[in-house]
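Read off the chains here:
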Amino acid sequence: MLTIGQLAATAGVTVRTVRHYHHVGLLPEPERDASGYRRYSAQAAVDLIRIRTLADAGVPLARIDALLHAQPAEFAAAITDIDAALQRKIDRLNEYRSRITELASGERLVLPAEVVAILDRMRGLGVSEQRVRLERDSWILLQAMDPSSLPHRIRDKNAGFDDPETIRLYLACDESVDWDPQDPRLDRLIDEMDAWEIKYERDGGGPGNRLISARISEASPAWQRLLEALAHRAERRRTAATGIHPAPR
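Below is a summary of the structure that appears in this document. Just so it is clear, the structure is predicted and the values come from calculations on it, not from any experiment.

### Structural notes on the overall build of the protein
- A tally of helices and strands in the protein yields twelve helices and zero strands.
- For the protein, the succession of helices and strands along the chain, N to C, is α-α-α-α-α-α-α-α-α-α-α-α.
- Buried residues in the protein amount to 31% of all 249 residues.
- Of the contacts formed within the protein by residues at least 6 apart in sequence, a portion of 58% connects residues at least 24 apart.
- Working note: accessible area of the protein is about 15500 Å², and carbon and sulfur atoms make up 55% of it.

### What to know about the side chain of K157
- Along the chain, K157 turns up in helix α8 (residues 150–160).
- Among the residues examined, K157 registers a relative accessible area of 18% and is labelled buried.
- Here the side chain of K157 touches Y170 through a polar contact of 2.7 Å, side chain to side chain.
- Contacts of K157, omitting those with residues within four sequence positions, involve I118, E135, W139 and Y170.

### Here's the deal with the packing of aromatic side chains
- Counting across every chain of the model gives one aromatic pair.
- Plain terms: the ring middles of F161 and Y170 are 5.1 Å apart, the flat faces sit at 65° to each other, and that makes the pair edge-to-face. Here F161 matches Y170 in class, with each residue buried.
- Note that R131 overlies the ring of W223, its terminal NZ or CZ placed 5.9 Å from the centroid.

### What about the nonpolar core?
- In terms of nonpolar packing, the biggest core is built from 21 residues, with L7, V18, L27, L48, I51 and I64 touching the most fellow members.
- Listing elements by their share of this core, those giving two or more residues are α1 (4–11), α2 (15–24), α3 (42–56), α4 (61–68) and α5 (72–103).
- Those residues in contact with L27, other than ones at most four positions away along the chain, are L7, V18, Y21, H22, A44, D47, L48 and I51.

### A word on the pattern of salt bridges
- Following the criterion strictly, the structure yields 18 salt bridges and no others.
- Of the charged contacts, one joins E192 and R168 as a salt bridge, the two residues approaching to 3.1 Å between their closest N and O atoms. Within this pair, whereas E192 is found in helix α10 (residues 184–199), its partner R168 is found in helix α9 (residues 164–175), the two being separated by 24 residues in sequence.
- Take E192: its relative accessible area is 32%, and that puts it in the partly exposed class.
- As a salt-bridge pair, R233 and D194 come within 3.5 Å of each other at their nearest N and O atoms. Within this pair, whereas R233 is found in helix α12 (residues 221–242), its partner D194 is found in helix α10, the two being separated by 39 residues in sequence.
- If you follow the salt bridges from partner to partner, you end up with D191, D194, R233 and R237 in one network.

### As for the packing of α9 against α10
- Running from N to C, α9 and α10 point in directions that differ by 145°, and their axes come no closer than 11 Å. α10 is crossed by α9, and the crossing has left-handed handedness. Where α9 abuts α10, its residues T166, R168, L169, A172 and C173 lie against L189, E192, M193 and W196.
- For the contact of α9 with α10, the class distribution of residues is six nonpolar, one polar and two charged.

### With respect to α3
- For α3, which comprises 15 residues, the first-to-last C-alpha distance of 21 Å matches the rise-based estimate of 21 Å (1.5 Å per residue) to within 8%.
- Inspection of α3 places A44, A45, L48, I51 and L54 among the buried residues, and these make up the whole buried set.
- G58 occupies a position one or two residues after α3 and carries a positive phi of about 95°.

### Describing α1
- Listing the buried residues of α1 in full gives I4, L7, A8 and A11. What you see down the axis of α1 is that its buried residues fit within an arc of 100°, all on one side.
- As for α1, its buried residues are in contact with α2 and α3.

Rules of the game
Residues numbered from 1 in each chain as written. Predicted model: local features only at pLDDT ≥ 70, side-chain atom pairs only at ≥ 80, totals over all residues. Heavy atoms only, no water. Helix = DSSP H or I, 4+ residues; strand = E, 2+ residues; numbered from the N terminus. Buried < 20%, exposed > 50% of the residue type's maximum accessible area, 1.4 Å probe, protein only. Contact = heavy atoms within 4.5 Å. Areas by Shrake-Rupley, 256 points an atom, 1.4 Å probe, with all protein chains shown as cover. Polar contact = N/O pair within 3.5 Å; in protein donor to acceptor, adjacent residues only side chain to side chain. Phe/Tyr/Trp six-rings, centres within 6.5 Å; stacked < 30°, edge-to-face > 60°. Lys NZ or Arg CZ within 6 Å of the ring centre and 35° of its normal. Core = buried A, V, L, I, M, F, W, Y, C linked by side-chain atoms within 4.5 Å. Salt bridge = Lys/Arg side-chain N within 4 Å of Asp/Glu carboxyl O. Axes fitted to C-alpha atoms, helices over the stretch in contact; angles between N-to-C directions. Left-handed = near helix turned anticlockwise from the far one by under 90°. Nonpolar A, V, L, I, M, F, W, Y, C, P; charged D, E, K, R; others polar. Expected span 1.5 Å × (residues − 1). Arc of directions from axis to C-beta.

Next comes the structure, spelled out in structure tokens:
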């Protein structure tokens, strides 16, 4: 006859586990001896080993009791069913792992593959990771506020990165992040960016673009001044073209 400690050691489990199996009805509690101690038979040890083996294999405790008393064919069918359930769980966990891995990049979960390719292209051109992250955030905002414009913007962005002048200005803007807002170099960059916007007929209008500009402005006082100057010049051109002055804000 075995004590509860000896029984637990035989099956390779803890005494607490044995008591839990008693509590859930998997392992019957034996009668106590004259001294008030539980004494277990060899059959109890065999049953406990079988319970532990099934539990370690991932069989839910709620199904173990039925399996312990099942006929061979019934047991085999139940194990096949449990195996299929475990495989489905493994598939879900692998999907979660894949999504967690993608989450490390911060963009693949929320942006189309074409946009992610643009961000990777920027990295390849030598654009700083800070600027890439801001570009990512800009695409997230644009997708939320004006999703219909995404295909057009993707085409424009890729076309821009085929143009050496656009790449040069991108890298120049990237370099200016830490400049003093009154740095004379910023004045030259504003002139160059304004000429580029005129050439490509960009006006930066629309609520989505204004929010994107605000997000970029948060990162750098120099960029804030650059964007404000470009917006002011674009507004003056629209006023000159239409003769309509903007309403006061």
